Amino acid sequence: MPAFHAHVEVTHLPGIADPAGATVERALPALGYKNVAQVHIGKTIRLVVDAPDAESAREQVQEMCERLLANPVIEAYQVVIS
Amino acid sequence: MPAFHAHVEVTHLPGIADPAGATVERALPALGYKNVAQVHIGKTIRLVVDAPDAESAREQVQEMCERLLANPVIEAYQVVIS
Amino acid sequence: MAESPNEQPLHRRLGMTDEELAAVVEELGREPNHLELAMYSVMWSEHCSYKSSRALLSRFPTEAPWVLVGPGEGAGVVDIGDGLAVAVRIESHNHPSAVEPYQGAATGVGGIIRDVFSMGARPIALMDPLRFGSLDDARTRYLFEGVVSGISGYGNSVGVPTVGGEVVFDDTYRGNPLVNVFCLGILPKERLVLARAEGPGNLAVLLGSATGRDGIGGASVLASASFEAGDEAKRPSVQVGDPFEEKRLIEACLELLDAKLAVGVQDLGAAGLSCAASETAAKAGAGMDVDVARMAKREPGMNAVEAMTSESQERMLAIVEPSNLEAVLALARRWEIRAAVVGRVTDTPRFRIFDGLFDAIGVPGENPAPPIGDDAPSVTSDAPAIADVPVESLGDGPLYHRPVARPASQDALQAADPGPQLRDKFPPGSDLSGELLALLATPTIADKTWVSRQYDHQLFLNTVAGPGADAAVLRVKGTAKALALSTDGKARFCRLDPRTGGRLVVLEAARNVACSGARPIALVNCLNFGNPEHPEVMWQFSEVVEGMSEACGALGIPVIGGNVSFYNASGDDDIHPTPVAGVIGLIDDLRRRPPTASLRDGDDIVVLGSIRPELGGSEWAAVVHGLDGGMPPAADLDRARAVHELVASLVRDALVAGVHDLSDGGLAVALAEMAIAGEVGIRVELNFDGCTPAEGCFAEPASVVVCAVNPHETAALCGAAAAAGVPARVVGVAAGDRLIAKGAFDVALADATHAWRDAIPALMSGATP
Amino acid sequence: MSVRVGVVVFPGTNCEFDVQYAVEQLGGRVELLWHGEDSTKGVDAIVVPGGFAHGDYLRTGAIARFSPVMRAVGEYARSGGPVIGICNGFQVLCEAHLLPGALQKNAGLKFMCETVALRVETTSTALTNQARVGDVLRIPINHFEGNYVCDPRALAQLRAEDRVILRYVDNPNGSLDDIAGICNAEGNVVGLMPHPERASDVLLGSSDGVVLLKSLLAAATSRATLLV
Ligand SMILES: Nc1ncnc2c1ncn2[C@@H]1O[C@H](COP(=O)(O)OP(=O)(O)O)[C@@H](O)[C@H]1O
Ligand SMILES: [Mg+2]
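An account of the accompanying structure is given in this report. The structure presented is a predicted model; accordingly, all values stated were derived computationally and were not measured. (Residues numbered from 1 in each chain as written. Chains lettered and ligands numbered in written order. Predicted model: local features only at pLDDT ≥ 70, side-chain atom pairs only at ≥ 80, totals over all residues. Heavy atoms only, no water.)

Focus: the sheet that holds strand E2 (residues 76-81) of chain C
All names here are of chain C.
In step 1: Pairing within the open sheet is mixed, and its six strands lie in the order E1-E2-E3-E6-E4-E5. Each edge of the open sheet carries a strand with a single partner, namely strand E1 (67-69) and strand E5 (162-169). Taking each pair of neighbouring strands and ignoring which way they run, the sheet shows an average axis angle of 20°.
In step 2: Along the sheet face, helix H8 (residues 138-158) touches strand E4 (122-132), E5 and strand E6 (178-188) and points at about 180° away from the line of E4. (Pairing = 2+ DSSP bridges. Helix = DSSP H or I, 4+ residues; strand = E, 2+ residues; numbered from the N terminus. Axes fitted to C-alpha atoms, helices over the stretch in contact; angles between N-to-C directions. Contact = heavy atoms within 4.5 Å.)

Here you go:
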């Protein structure tokens, strides 16, 4: 079976607080960056999955996101297969 | 000044252990995914930066990465400006 | 579902009954507008108004000379002498934790801490009584893992150690875990403040996080109605905690109170600013004007309903005299927290909301955010209120005397005594070794280090006894005193007979505290029950309250606070009635480390109290053998008091080297736990009048305590027991590397240790949702 | 005259009063150093204590490192002053490049609060000068990110220069080479994950940390006399 590289990005759902992003945003001006806004911090997961084709690789990774990699209650995720 | 969206991905340097990735890799087979390997977990930082042009936005974000957003001792980073 | 929720009238969508709406109309003399209705709906929710439970809770004894603040405030407060007081509170965060275990538990911790520092106390200890379904279920493991890491993630970071707690596993909680959190704070008596908005003209300053759309209607939606896992529509109510914000809030608020810059402080919890602002005003007999335009908002386009009912975390309201405002704002800047003047105390008995008025009339204070709606017209000084209600009415919710009925099945349940069956199965002479090992490995009894090592339990250098002890013991620096804390629940006993069960819950917590040499000075309770609209649930509730009241009365322990959580159910099944008691004990003079629950080689082992063949609701009958009927053990209150006083005095006089009470698993488990902790075996005889060996080993009679005693002191100890009228019996010695009870069991200490220590880690390794 | 120990306070620091208490029990005096002030107030030694500076958001110690006080601490360290980073303080000192390497999440991916055994490996440092090589101390750890990593060259150098000051007897968190604490080349800057202040009183279960705190006070005393 061919191997596909998956790249997942997990971010907060809109409206859910992002304390880490807010804290970095507050810290930046003191470092001299007064021109930065809307800082959001998320997670990426890269993995290699064996699957018959790209579509099935995507499906599996999406399912992994729902079950383990992300928490759909507060997080959104994006999957890119290559 | 125009605003640019920056997307930073911070990953472990090769050779530096990735305990979170290893743990997920260990957990996946129990969920029925026996076809997954090379799991790596990183961080993303999205932000909006005001800069005269994309090149200068990139330079500033790269500098932020060197100084704050990543730790060059253990981490690599990639910047995408849009 | 029969009709789509959108076809329902607004008040029902907000969880209000038609009668409740009628009461609002009568109160206002007109129809409420959307904002007013939204505020009433959250304030009159079960969670905020205690409408089903208030009438019954008044039975608790609440007074004692050392009680400074009883139930009804942010936290109960008792005087511990030396110019110090402690503030204590317990709360549930059951439903949020079922939806999102990490954040649900984390925000539970954040909320309880705010209650405590709102009294002027520095939070110094957390405890976490937890209940889950059985661990062989993958979702339960996910919930357990998430809840524990949420408590760890928030508690450790905010800087309040978690010094003890409980974890019980029982199928009754499969769909509805119970996450209760207890917090204790300490304060110089003169820093005690009550949340009162005194003084017309004073300003209400909102401190902390920006207000977002998270948790809107949390009180009414999550905590006050039946709830089923996987209910997507309720998910936006999940909130994310920010322990770093809370840490700065704690420091800022305590500094504010030390500098006497605030006349009152109130946390924003359920029902958000609606509750905090109206309650502080109502308690002071004043009114309040609020301007929502002054609130910092996390998201664009939020409306007034959202702003007033949001339950965004990490926010506090301080009532400040105008002359102190500059100092308050400077202090907030130093701690890098937002501060905005959002309200003004008035001398009209009204609670009024405006949008933009304060800027128009020049109320001081920064305006941290543009007014709601970017194109909002600038407001003039005669702008009408967008809500205007009598301030008392919000907190004066309906009072229900719900129907009460003893379940029809109760007689049959009580008649199903497991005794006869177990006597047949385990006649005298049976080898009970396997039974003991099985009990030690049940997750409820097994070692909880997997949990407690994830918690900072040492911060502040107070923790003399932490997780693993019968009671946590915290020294009080600068004095000779120490505090002893224990939280306990006994749901299986409460199910079999809620009155007796209610007593037993109090007795166990008080007994644990006695084992550290303390005398109980206060109790807080968290009452987790099913649907109060079921008369059977209300009967359980009423009986439990009665039983707890009786025990508190007999032991002289005032109830200084509590929390009621209804609507806990898995599917259609209400959970077992689960009251949790947190008892606070005081040790007047802590000269040395109190004895631990362990044995030393060569010690005599003495059992204080009476062993009776009481197997109803025991771990052995119910969990190992699936026999969950019968009657709970008797709860003799006079005997309990005598045993507690005796044990506390033995500990104080250093007559015992080790001490542990008999609880889950009975005498055999208590002895095994002490042997494991002391790394030494036992040789005992467990034959008691009226008991088979199995009953002697595994029955769970109340008010029994095991002591490890230097043989030179055994006679003195037995003498003290006789003088106190408490039976004492030397059952054997600590020796060797086996647990041997003649004619009952013979187990290698190493095997017992392995069974007890590895049970939870083994179940959790590879845990996945 | 007792020595003065500066204890750095960032927003989110939570062990400052514990360090203060333990130092004062041993006769030292404590001066809190607020993160926003660019001064070390003439103290004789500095402790960067444990906690969660800036919530540990982004990365432990990443934001704290830029505080004005850290500039002053850096200068103080380069001038030979004793600087001890405990737990979060260790993480901050690594981020500030006063010590090599970094601290990652524990191998088990869980927070750990428990007492561990540590072996003293070298004694010519500001934190171990009163201890003996080979002493085994029982001291609590309390961290999520205590898993020490550095590149192979840095590790070789730490070993060659005898700069691993404490090793775990039974590695709890996956740290490279069982490292629990290291120092700089001069031995005046030390970072360690365990909390000596939590083992400073028998009433709380262990006083094995006292020898480390006494070493710190001794280093402070020699600094004080040196400067007189
Ligand atoms: N969730 C928890 N958090 C912290 N400590 C816990 C937790 N669960 C259990 N413990 C600790 O484990 C020990 C045993 O708990 P438990 O069996 O409930 O004690 P007891 O029977 O004396 O009430 C206690 O010291 C308790 O504080
Ligand atoms: Mg006990």
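Some thoughts on the sheet that holds strand E27 (residues 738-741) of chain C
By definition, the strands of a sheet pair up through backbone hydrogen bonds, in either a parallel or an antiparallel sense.
All names here are of chain C.
In step 1: As summarised here, the arrangement of the seven strands in space is E23-E25-E22-E26-E24-E27-E28, forming an open sheet in which the pairing is mixed. At either end of the open sheet lies a strand with only one pairing partner, and these are strand E23 (658-661) and strand E28 (745-748). Strand-to-strand twist of the sheet, defined as the mean angle between neighbouring strand axes without regard to direction, takes the value 20°.
In step 2: Bridge count for strand E24 (residues 682-684) against E27 is three bridges, and the pairing is parallel. Within E27, the residue paired with Val684 across the bridge is Ala741.
In step 3: In the packing of helix H24 (residues 637-652) onto the sheet, the strands contacted are strand E22 (604-608), E23 and strand E25 (705-709), and the crossing angle to E22 comes to about 150°.
In step 4: Here helix H27 (residues 714-724) sits on the sheet in contact with E22, E25 and strand E26 (728-734), set at roughly 5° to E22.

Comments concerning helix H7 (residues 101-117) of chain C
In step 1: Along its 17 residues, H7(C) runs 25 Å from first to last C-alpha, staying within 8% of the 24 Å computed at 1.5 Å per residue.
In step 2: Across the 17 residues that make up H7(C), a large majority, 16, are buried. (Expected span 1.5 Å × (residues − 1). Buried < 20%, exposed > 50% of the residue type's maximum accessible area, 1.4 Å probe, protein only.)

Here we look at the interface of chain D and chain B
In step 1: On the chain B side, the residues contacting the 16 residues of chain D number 16 residues.
In step 2: Approximately 1,300 Å² of surface area, both sides summed, lies buried where chain D meets chain B, with 63% of it carried by carbon and sulfur atoms.
In step 3: Considering only the side of chain D, the residues that lose the most area to chain B are D:Leu58, D:Arg59 and D:Gln104, jointly responsible for 41% of the buried surface there.
In step 4: For the pair chain D and chain B, the number of links is one salt bridge.
In step 5: A salt bridge links D:Arg59 to B:Glu75; the nearest nitrogen and oxygen atoms lie 3.7 Å apart.
In step 6: Between the two partners, chain D and chain B, sit seven residue pairs in polar contact (both at pLDDT 80 or more).
In step 7: Elements represented by at least two residues in the side of chain D that touches chain B include exactly strand E5 (102-104) and strand E8 (147-149) of chain D.
In step 8: Looking at the side of chain D that touches chain B, its residues break down into eight nonpolar, four polar and four charged. (Buried area = accessible area lost by both parts, 1.4 Å probe. Salt bridge = Lys/Arg side-chain N within 4 Å of Asp/Glu carboxyl O. Polar contact = N/O pair within 3.5 Å; in protein donor to acceptor, adjacent residues only side chain to side chain. Nonpolar A, V, L, I, M, F, W, Y, C, P; charged D, E, K, R; others polar.)

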